[in-house]
Structures are given as C-alpha cells and as structure tokens.
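Summary of structural features
As a plain string of letters, each chain reads:
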Amino acid sequence: MSESSAKAVADAAAAAVASVTGEAGGWRRATGLAGAAVGVLAAGAAAGVAIERMTVGRGVRRKARLALDSTGPYGALRGTPGKAYADDGTELYYEVDDAEPEGGPAPRRRRLFGRKPPAPVTVVFSHGYCLSQDSWHFQRAALRGVVRTVYWDQRSHGRSGRGVAQRRDDVPLTIEQLGRDLKAVIEAAVPEGPMVLVGHSMGGMTVMALAAQYPELIRERVVATALVGTSSGRLGEVNFGLPLAGVNAVRRVLPGVLKALGQQAALVEKGRRATADLFAGIIKRYSFASRDVDPAVERFAERMIESTPIDVVAEFYPAFTDHDKTEALTYFQDMPVLVLAGVRDLITPSEHSEAIADLLPEAELVLVPDAGHLVMLEHPEVVTDRLADLLTRVGAVPAGATVSGYGSTSSAARRG
C-alpha cells in the first residue's frame, strides 16, 4: 500500500469521525490524529475495503452483518455463571463447564492413557485484549463435558465489570493487576485441585503475571500451561507489518490519540459505527491471515472487538509497552508447556513465541502457517489438537477430547 493510499484512508477516517463529533476545535485536532493513526494501521486493508464499497451498497453490507449475527453459532456456548471480586472490588465474571460423570457417552469412556482415571484437573482459559471468553468457542465446544473448564472475562471486557481502580481512582491499568484478577478467579472457581492454565495474547501475559506474583501457586497446583500468540516482553518493538515510517508514526501518536478518544467515548462510538466498514477491514487484516475464513467467524471476531469500549482500549494499551515477564517463565520450566503462534501474526509476532520457547527448552513449540493473531478461531483444529495432547500428557482428559466436528473455519466448511 502506497503512502498516498494510506493518506487517503487517514483523511477518510478523520472525516468520518469528525462528521459525528461536532465543531470543537480541540476535538477536531484529536480526530485528525486519530485519522492519521487509523490510516497507517489500515493501509493493508484499505484497498479491499474501497473495492467493496464501490461494488456493494452500505445497506446490503449492513443486512449481511445482521444475517451473520443472527445465524452464526459462534460465542453461543454458556456454562454455569459465577462472580469473583478483584482486590479493588472489580466484579469478574466467569463460567464453568463441568466434566460429565463416568456414566457419560460411550466414546468418552475410552482413555488414551490406559485404565487409570483422569486426574481431576480444571483448565482455566484467559482471553486476549479487546476479546472475551467467547473467543475460545471452538476449544470450548471440543472440551465440553470432557474436562472441567473455567472461562472468564478480563476486567472491563465481556460480562465483567469495569475496572474500579481505573474508573474511580484513575489508577493506570497494569498486567500485574490482571495477574491478581486471575488469582481472584482461581480462588472463587478453582479453590482446590490441579490446574492447566491457557492464555491467548494478553491472557498469556496475565498467566505470566500470575506466576511472577504467586510462584507458590504455580509450583503447587499448576500441572501444565499453554501460551498462545503471546509475548513475554519487548512489545514496543513490534512493527505491526508496517514500514518504518508508519511504525514510528503509530508509536508516536497512538497513546495520546487513544487517551484523547477515551475522554470522548460517546462521540467516538458514533464514529466507530459510521466507519464500520473501514474498521472491519482493519480487524480482518490484524486477526486472520487465511483467505477463506468463514465470514461468520470474521464477523464474530469483529463483533467482540467492536464491543470493547474505546476508553477501555485506551486504558489497557499503555500496559503492553511496560510488560516484561521474561523472568516469570522460569516457574514453568518443570511442567509440560505448549507454546503456539500463527506465523503471520502481526500483533504478537511468532518470534515472540520462539523467544519464550527458547527459555523453556522442554516446551512444545507449534508455529501455524497461514495463521494470524486469532489462531484459535482461524485454525481451531490445530489449537484444539495440541491442547488436547497437552491435557492427555498430564492425565486430564479421555480420548473424547480429540475433536473432528470443530476442525475448520474455512468458508466451505460446516460450522461447529
């Protein structure tokens, strides 16, 4: 994408946002910066969006999104709800899927690891930035009834409450806080017994932050860990697939832009709706790498990201630059670990997963070709298979965890 194309997208984005935000001069300057930043980020997606706009009317696109929302099965799985409370009083929502009793369906009575019954392990899933527990849809469908699982929404995401310390006391959000949040969820949902911790992106960082602050919990109760599309640090060096000039521009203006946008959340949400097609293109570029992802899956991801308020996006973003949990990885050295990433991940590049695996030489490193940041939605067959293998190795699941009905999200495949 040329600089002129990127500038055109930036100008279009700024105009779209300004059209719904009034005449205030200061706000116009903020939206101008926002347009520039969005233009840089959107450069790779802009051409496809422009062509779509020329060939498909806005009303048709809106009807298509509504149809996908109403028919897509993704994110519809629910479990037994529960609430935990963080150290600042933030309400954290979680759901539990219990394992079926021994009298369950015949296929699940077979064991991959002999006659010994599985250990009473609970698998705790932590989701990423701007997502929710529903992002684990395929893995949840695969493991449902097979092993006890807990899915939770990070503070200010999904069904959890807004961060009390952030809203009431203007305390900056940190990854350390997320680690303490996970500890609160574990105390409420998994007060005893062995656990497997699974984290994607920010969720993986949350797992590392838990280990850094509560190493005894890791030593005593965690029997395996899966780190998916995540990083132990140096996120400030990520280039998002942009040329050097674009990266420098984003790094320079984005924190201030997000802060300004977060202070005008209601107006910005109108702007996001007005530029829905542009943002859909950005989301697709930075979520997936395959060409044939099921449109309903794309829309599902888009809907999750759209539901994250702009002021939440703004308050979480600075925490990633400060994130450095390399030393915490030592607490995972004596257990089975799965490190998995998409080769074409532009958000947390696969090199970051390779760096984690270098520090955990006994870990299984899986790099998925033709996969982006949301690898668990894009190639669920790979993620579920390797996760099932990890659980089998620690004696947690029977053979029924090997899944065939949730193996693809290509547009030609049957949905799970």
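In the block above lies the structure referred to throughout.
Below is a short write-up of the structure.

Conventions and cut-offs
- Residues numbered from 1 in each chain as written.
- Predicted model: local features only at pLDDT ≥ 70, side-chain atom pairs only at ≥ 80, totals over all residues.
- Heavy atoms only, no water.
- Helix = DSSP H or I, 4+ residues; strand = E, 2+ residues; numbered from the N terminus.
- Buried < 20%, exposed > 50% of the residue type's maximum accessible area, 1.4 Å probe, protein only.
- Contact = heavy atoms within 4.5 Å.
- Areas by Shrake-Rupley, 256 points an atom, 1.4 Å probe, with all protein chains shown as cover.
- Salt bridge = Lys/Arg side-chain N within 4 Å of Asp/Glu carboxyl O.
- Patch = residues over 30% accessible without salt bridge, like charges linked within 9 Å, V, L, I, M, F, W, Y side chains within 5 Å.
- Pairing = 2+ DSSP bridges.
- Right-handed = clockwise from strand over helix to strand, strands pointing away.
- Core = buried A, V, L, I, M, F, W, Y, C linked by side-chain atoms within 4.5 Å.
- Axes fitted to C-alpha atoms, helices over the stretch in contact; angles between N-to-C directions.
- Phe/Tyr/Trp six-rings, centres within 6.5 Å; stacked < 30°, edge-to-face > 60°.
- Lys NZ or Arg CZ within 6 Å of the ring centre and 35° of its normal.
- Polar contact = N/O pair within 3.5 Å; in protein donor to acceptor, adjacent residues only side chain to side chain.
- Parallel < 35°, antiparallel > 145°, perpendicular 65-115°, else oblique.
- Nonpolar A, V, L, I, M, F, W, Y, C, P; charged D, E, K, R; others polar.
- Expected span 1.5 Å × (residues − 1).

1. So, the overall build of the chain
For the chain, the count of helices and strands is 16 helices and eight strands. For the chain, buried positions account for 54% of its 416 residues. Of all intrachain contacts in the chain linking residues separated by at least 6 positions in sequence, the fraction that spans at least 24 positions is 81%. On the chain, roughly 17,900 Å² of surface is accessible, and the fraction owed to carbon and sulfur atoms is 54%.

2. Looking at the pattern of salt bridges
On inspection of all chains with the given rule, the structure shows 25 salt bridges. Two residues, Asp97 and Arg144, come together in a salt bridge whose shortest N-O distance is 2.9 Å. Residue Asp97 is found in strand 2 (residues 91–97), and its partner Arg144 is found in the loop between helix 4 (137–143) and strand 4 (148–152); the two are separated by 47 residues along the sequence. For Asp97, a relative accessible area of 4% corresponds to the buried category. Ionic pairing is found between Glu306 and Arg299, a salt bridge with its closest N-O pair at 3.3 Å. Residue class for Glu306 comes out partly exposed when judged on its relative accessible area of 31%. Connected through salt bridges with shared partners, the residues Arg78, Glu95, Asp97, Asp134, Arg140, Arg144 and Arg159 form a single ionic network.

3. Observations concerning a nonpolar patch on the surface
Among the surface-exposed residues, Val343, Leu365 and Leu367 lie close enough to one another that they form a single nonpolar patch of about 210 Å² accessible area. Here Val343 shows up in the loop between strand 7 (337–342) and helix 14 (350–359).

4. With respect to the pairing of strand 4
Of all five residues making up strand 4, four are buried, and the element is well covered by its neighbours. Note: strand 2 against strand 4, four bridges, orientation antiparallel. Along strand 4, the bridge assignment pairs Asp97 with Thr149. As paired elements, strand 3 (residues 122–126) and strand 4 share five bridges and run parallel to each other. Each bridged residue has a counterpart across the sheet, and for Val123 the counterpart in strand 4 is Thr149. Between the parallel elements strand 3 and strand 4, the chain passes through helix 4 in a crossover that is right-handed.

5. Description of the nonpolar core
Ranked by internal contacts, the top residues of the largest apolar core, which has 43 residues, are Phe125, Val196, Val198, Leu340, Leu377 and Leu391. Residue contributions to this core peak at six residues, all from helix 12 (residues 295–306). Val196 has contacts with Val121, Thr122, Val123, Val124, Val223, Ala224, Thr225, Leu390, Leu391 and Val394, leaving out every residue within four places of it along the chain.

6. A few points about the sheet that holds strand 4
What the eight strands build is an open sheet, ordered 1-2-4-3-5-6-7-8; its pairing is mixed. Each of the sheet's edge strands pairs with one partner strand only, and the pair in question is strand 1 (80–85) and strand 8 (364–368). Sheet twist, expressed as the mean angle between neighbouring strand axes with direction ignored, is 20 degrees. Inspection of the sheet shows strand 1 paired to strand 2 by six bridges, in the antiparallel sense. Counted as the bridge partner of Tyr85 is Glu91 from strand 2. Lying over the sheet, helix 7 (residues 202–213) contacts strand 3, strand 4, strand 5 (195–200) and strand 6 (222–228), oriented at roughly 135 degrees with respect to strand 5.

7. A few points about the pairing of strand 8
When strand 7 meets strand 8, the two strands line up parallel, connected through five bridges. Among the inter-strand pairings, Leu340 is bridged to a residue of strand 8, identified as Val366. In terms of handedness, the path from strand 7 via helix 14 over to strand 8 forms a crossover that is right-handed.

8. Some words on the packing of aromatic side chains
For the coordinates displayed, the defined rule picks out six aromatic pairs. Among the aromatic residues, ring-to-ring pairing joins Tyr74, Phe138 and Phe300 into one connected group. Over the face of the ring belonging to Tyr214 we find Lys183, whose NZ or CZ atom lies 4.9 Å from the ring centre. The aromatic ring of Tyr286 is capped on one face by Arg285, whose charged end is 5.4 Å from the ring centroid.

9. Comments concerning the environment of Ser156
Structurally, Ser156 is set in the loop between strand 4 and helix 5 (164–169). Aside from chain neighbours lying at most four places away, what touches Ser156 is Gly161, Arg162, Gly163, Val312, Glu315 and Phe316. There is a polar contact of 2.9 Å between the side chain of Ser156 and the backbone nitrogen of Gly163.

10. Side note on the packing of helix 6 (residues 175–189) against helix 7
For the pair helix 6 and helix 7, interaxial distance at closest approach is 7 Å and the crossing angle is 80 degrees. Between helix 6 and helix 7, the crossing angle belongs to the class labelled roughly perpendicular. For the pair formed by helix 6 and helix 7, the contact residues are Ile175, Glu176, Leu178, Gly179, Arg180, Leu182, Lys183 and Ile186 on the first element and Met202, Met205, Thr206, Val207, Ala209, Leu210 and Gln213 on the second. Taken together, the residues of the contact of helix 6 with helix 7 break down into nine nonpolar, three polar and three charged.

11. A closer look at helix 12
Here helix 12 is twelve residues long and its end C-alpha atoms lie 16 Å apart, about the 16 Å a rise of 1.5 Å per residue gives. For helix 12, a buried count of nine out of twelve residues is recorded, marking the element as mostly surrounded by other parts of the structure. Along helix 12, the residues classified as buried are Ala296, Val297, Glu298, Arg299, Phe300, Ala301, Glu302, Met304 and Ile305. Capping the start of helix 12 is the job of one residue whose side-chain oxygen sits 2.9 Å from the backbone nitrogen of Ala296: Asp294.

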